[in-house]
Amino acid sequence: MDVLARASVAAAAATAGEQLRAQTADALAGPFADWAFVDLGDGPPWRAVAARRRDPRLAALLTVVGPAECPLITSALKHCAPLLASPVEGESLLGRLPDGRPVIGVLGVHSAVVAPLVSEGSARGAITIVRCTGSPAAGFVDLGVLSQIADLTCAAVTRLSVR
């Protein structure tokens, strides 16, 4: 419930898309996720990245991995439905870093959850959380919580685009 409250505050307080992406990712990283990606927008910069343990160099590399390069995120966006991958199968499921290394291997990902930001039947972006070696695997409760956070975030996106 704490993560839901933090994400709600982030959605309510945001005054711009970039701020919404960054604050939502920060709200999710920590006890809820080892890494959080918030993809929103039509082009760079479309991704905000946050981690339980700060690694600015790796976070910067992850910001250039587009959602179209990540089959798990692409599928969630295409079907406008949240997805749970636990265990994660396929090294390129979350894309590759610019140097070609798979994100899953670099981060040590064992499970991931993606929730699309759906408005009027189409996806406007996605929120992805990953859990890595040493953390409990993501499950259906996490999927439900992230789906609620995606709904709150999408409401903020709609509010911001109306301004």
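Residues numbered from 1 in each chain as written. Predicted model: local features only at pLDDT ≥ 70, side-chain atom pairs only at ≥ 80, totals over all residues. Heavy atoms only, no water.

## Here we look at the sheet that holds strand 5 (residues 122-132)
Thought 1: Strand order in the open sheet made by the five strands is 2-1-5-4-3, with antiparallel pairing throughout. Each edge of the sheet is formed by a strand with only one pairing partner; in this case those strands are strand 2 (47-51) and strand 3 (83-85). Neighbour-to-neighbour, the strand axes of this sheet turn through a mean angle of 10 degrees, independent of strand direction.
Thought 2: Examined bridge by bridge, strand 3 and strand 4 (residues 109-119) share three bridges and lie antiparallel to one another. Residue pairing across strands places Leu-83 opposite Val-114, the latter belonging to strand 4.
Thought 3: In the packing of helix 3 (residues 56-63) onto the sheet, contacts are made with strand 1 (35-40) and strand 2, and the angle to strand 2 comes to roughly 150 degrees.
Thought 4: Set on the sheet, helix 4 (residues 71-79) makes contact with strand 1, strand 2, strand 3, strand 4 and strand 5; between it and strand 4 the angle comes to about 30 degrees. (Pairing = 2+ DSSP bridges. Helix = DSSP H or I, 4+ residues; strand = E, 2+ residues; numbered from the N terminus. Axes fitted to C-alpha atoms, helices over the stretch in contact; angles between N-to-C directions. Contact = heavy atoms within 4.5 Å.)

## Re helix 4
Thought 1: When helix 4 is considered as a whole, its buried residues turn out to be Leu-72, Ile-73 and Ala-76. For helix 4, the angular spread of the buried residues around the axis is 95 degrees, confining them to a single face. For helix 4, exposure combined with an orientation more than 90 degrees from the buried face picks out Lys-78 and His-79.
Thought 2: Contact partners of the buried residues in helix 4: strand 1, strand 2, strand 3, strand 4 and strand 5. (Buried < 20%, exposed > 50% of the residue type's maximum accessible area, 1.4 Å probe, protein only. Arc of directions from axis to C-beta.)

## As for the packing of aromatic side chains
Thought 1: Inspection of the entire model under this criterion finds zero aromatic pairs.
Thought 2: The positively charged end of Arg-47 is found above the aromatic ring belonging to Phe-37, 4.6 Å away from the centroid.
Thought 3: In this structure, Arg-131 packs its charged tip against the face of Phe-32, placed 5.7 Å from the ring centre. (Phe/Tyr/Trp six-rings, centres within 6.5 Å; stacked < 30°, edge-to-face > 60°. Lys NZ or Arg CZ within 6 Å of the ring centre and 35° of its normal.)

## Structural notes on helix 3
Thought 1: Those residues of helix 3 lying buried are Leu-58, Ala-59 and Leu-62. Along the axis of helix 3, the buried residues cluster in a sector spanning 100 degrees; they form a single face. The exposed set on the far side of helix 3, more than 90 degrees from its buried face, consists of Pro-56 and Arg-57.
Thought 2: On its buried face, helix 3 sits against strand 1, strand 2 and helix 5 (103-107).

## Thoughts on the pattern of salt bridges
Thought 1: Inspection of every chain in the model, using the stated rule, returns five salt bridges.
Thought 2: A salt bridge links Arg-101 to Asp-99; its shortest N-O distance comes to 2.7 Å.
Thought 3: Residue Arg-101 is classed as partly exposed on the basis of its relative accessible area, which comes to 36%.
Thought 4: Between Asp-142 and Arg-131 there is a salt bridge; the shortest N-O distance is 3.0 Å. (Salt bridge = Lys/Arg side-chain N within 4 Å of Asp/Glu carboxyl O.)

## Here's the deal with the environment of Val-65
Thought 1: By the element assignment, Val-65 lies in the loop between helix 3 and helix 4.
Thought 2: A residue is classified by how much of its surface remains accessible, and Val-65, at 1% relative accessible area, is buried.
Thought 3: Through-space distance from the C-alpha of Val-65 to that of Pro-98 is 7.6 Å; in sequence the pair is 33 residues apart.
Thought 4: In contact with Val-65, other than residues within four places in its own chain, are Trp-46, Arg-47, Cys-70, Leu-94, Gly-95, Arg-96, Leu-97 and Val-103.

## A short note on the pairing of strand 2
Thought 1: For strand 2, a buried count of five out of five residues is recorded, marking the element as mostly surrounded by other parts of the structure.
Thought 2: As judged from the five bridges shared by strand 1 and strand 2, these two strands associate in the antiparallel manner. Across the sheet, the residue bridging to Phe-37 is Val-49, located in strand 2.

## Some points on the nonpolar core
Thought 1: Among the nonpolar cores identified, the biggest contains 31 residues, and Leu-20, Leu-28, Ile-127, Ile-129, Leu-146 and Ile-149 are the most heavily contacted of them.
Thought 2: Within the residue set of this core, elements represented by two or more residues are helix 1 (2-13), helix 2 (17-28), strand 1, strand 2, strand 4, strand 5 and helix 6 (140-162).
Thought 3: No other element matches helix 6, which puts eight residues into this core.
Thought 4: Non-local contacts of Ile-129, meaning those with residues more than four positions away in its chain, are made with Leu-28, Phe-32, Ala-33, Trp-35, Ala-36, Ser-111, Ala-112, Val-113 and Leu-146.
Thought 5: Core analysis: the next-biggest nonpolar cluster, separate from the first, contains 26 residues, Ile-73, Val-103, Val-109 and Ala-112 among them. (Core = buried A, V, L, I, M, F, W, Y, C linked by side-chain atoms within 4.5 Å.)

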